[in-house]
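Commentary on secondary and tertiary structure
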Amino acid sequence: MDLRRDIHEEIILLRSRAPEITGALTCTVDGMLVTTDLPTETEQTAALTSALLSLSRRMTELAKVGRLEETLVSGTEGHAACYAAGAKLVLTILTGPGANLGLLRREGRKTAEKLAAIVERE
């Protein structure tokens, strides 16, 4: 199987289930880009995704709130959500303002679980 193709297909399915998503990216936990449909700054976004995952995991440990599920960054023009997809991969999803955050969370988590299963198969 082609890992990148399988991951990209999951991103396409995610986008079909949540059309308000404006972009998605997957990278390894150390910031190496795997797949993306972002038009620009993909390498920088992958690196920041990795750093955000690390910081978020550390914060959940310090706060004693359990295992990290997601990190949500909200701005005036939209949202960026990061999901750990197993031990090796991270999913970042971008939306515009007014996005249904409940749908984003549900679909983000579901896709992260599917991506983790794909990586584990390989």
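Throughout what follows, the structure given in this document is the object of discussion. Being a predicted model, the structure only gives us computed values, none of them experimental.

1. Here we look at the overall build of the protein
A count of helices and strands for the protein gives three helices and five strands. Mapped from its N terminus to its C terminus, the protein presents α and β elements in the order α-β-β-α-β-β-β-α. Against the globule reference of 14 Å for 122 residues, the protein gives a C-alpha radius of gyration of 13 Å, in line with a compact fold. Along the longest, intermediate and shortest principal axes, the C-alpha atoms of the protein span 40 × 30 × 25 Å. The buried share of the protein, reckoned over its 122 residues, is 42%.

2. A short note on the nonpolar core
In a soluble, globular protein the nonpolar side chains are often hidden away together inside. Membership of the largest hydrophobic core comes to 19 residues, with the highest contact counts inside it found for Ile7, Tyr83, Leu89, Leu91, Ile93 and Leu115. Among the secondary structure elements, those contributing two or more residues to this core are helix H1 (3–17), strand S1 (21–28), strand S4 (78–85), strand S5 (89–95) and helix H3 (101–121). Looking at this core element by element, the count peaks at six residues for H3. Beyond its immediate sequence surroundings of up to four residues, Tyr83 is in contact with Glu69, Glu70, Leu89, Val90, Leu91, Ile93, Leu104, Arg105, Gly108, Arg109 and Ala112. The next biggest cluster of nonpolar side chains, apart from the first, holds eight residues, and it includes Leu25, Cys27, Leu38 and Leu53.

3. Remarks on the packing of H1 against H3
Axis separation between H1 and H3 bottoms out at 10 Å; the angle between their running directions is 165 degrees. Accordingly, the angle class assigned to the pair H1 and H3 is roughly antiparallel. With respect to the hand of their crossing, H1 and H3 are arranged in right-handed fashion. Along the contact surface, H1 presents Leu3, Asp6, Ile7, Glu10, Leu14 and Arg17, while H3 presents Leu103, Glu107, Gly108, Lys110, Thr111, Lys114, Leu115, Ile118, Val119 and Arg121. Split into classes, the residues belonging to the contact of H1 with H3 amount to seven nonpolar, two polar and seven charged.

Conventions we followed
- Sequence positions are assigned chain by chain, starting from 1 and proceeding in written order.
- Two thresholds apply to this predicted model, a pLDDT of at least 70 for residue-level local features and 80 or more for giving and counting side-chain atom pairs, whereas whole-chain, interface and lining totals are computed over all residues.
- Think of the side-chain values as coming from all heavy atoms in the structure, minus any hydrogens and water.
- Only DSSP runs of H or I with at least four residues qualify as helices, and only runs of E with at least two residues qualify as strands; both kinds are numbered from the N terminus onward.
- The atom set for the radius of gyration is the C-alpha atoms, and the globule formula is 2.2 Å times the number of residues raised to the power 0.38.
- Only protein chains enter the accessibility calculation, which uses a 1.4 Å probe; a residue is then buried when its area is under 20% of its type maximum, exposed when over 50%, and partly exposed in between.
- Side-chain atoms within 4.5 Å are what join buried Ala, Val, Leu, Ile, Met, Phe, Trp, Tyr and Cys residues into a set we call a nonpolar core.
- In what follows, a contact means two residues having at least one pair of non-hydrogen atoms within 4.5 Å.
- Every axis corresponds to a line fitted to the C-alpha atoms, with the helix fit spanning only the stretch in contact, and the corresponding angles, defined between N-to-C directions, vary from 0 to 180 degrees.
- Under this scheme an angle from 65 to 115 degrees is roughly perpendicular, one under 35 degrees roughly parallel, and one over 145 degrees roughly antiparallel; angles in between are oblique.
- By convention, the crossing between two helices is left-handed when the near helix turns anticlockwise from the far helix through less than a right angle, and right-handed when the turn is clockwise.
- Ten residue types, Ala, Val, Leu, Ile, Met, Phe, Trp, Tyr, Cys and Pro, are classed as nonpolar, four, Asp, Glu, Lys and Arg, as charged, and the remainder, Gly among them, as polar.

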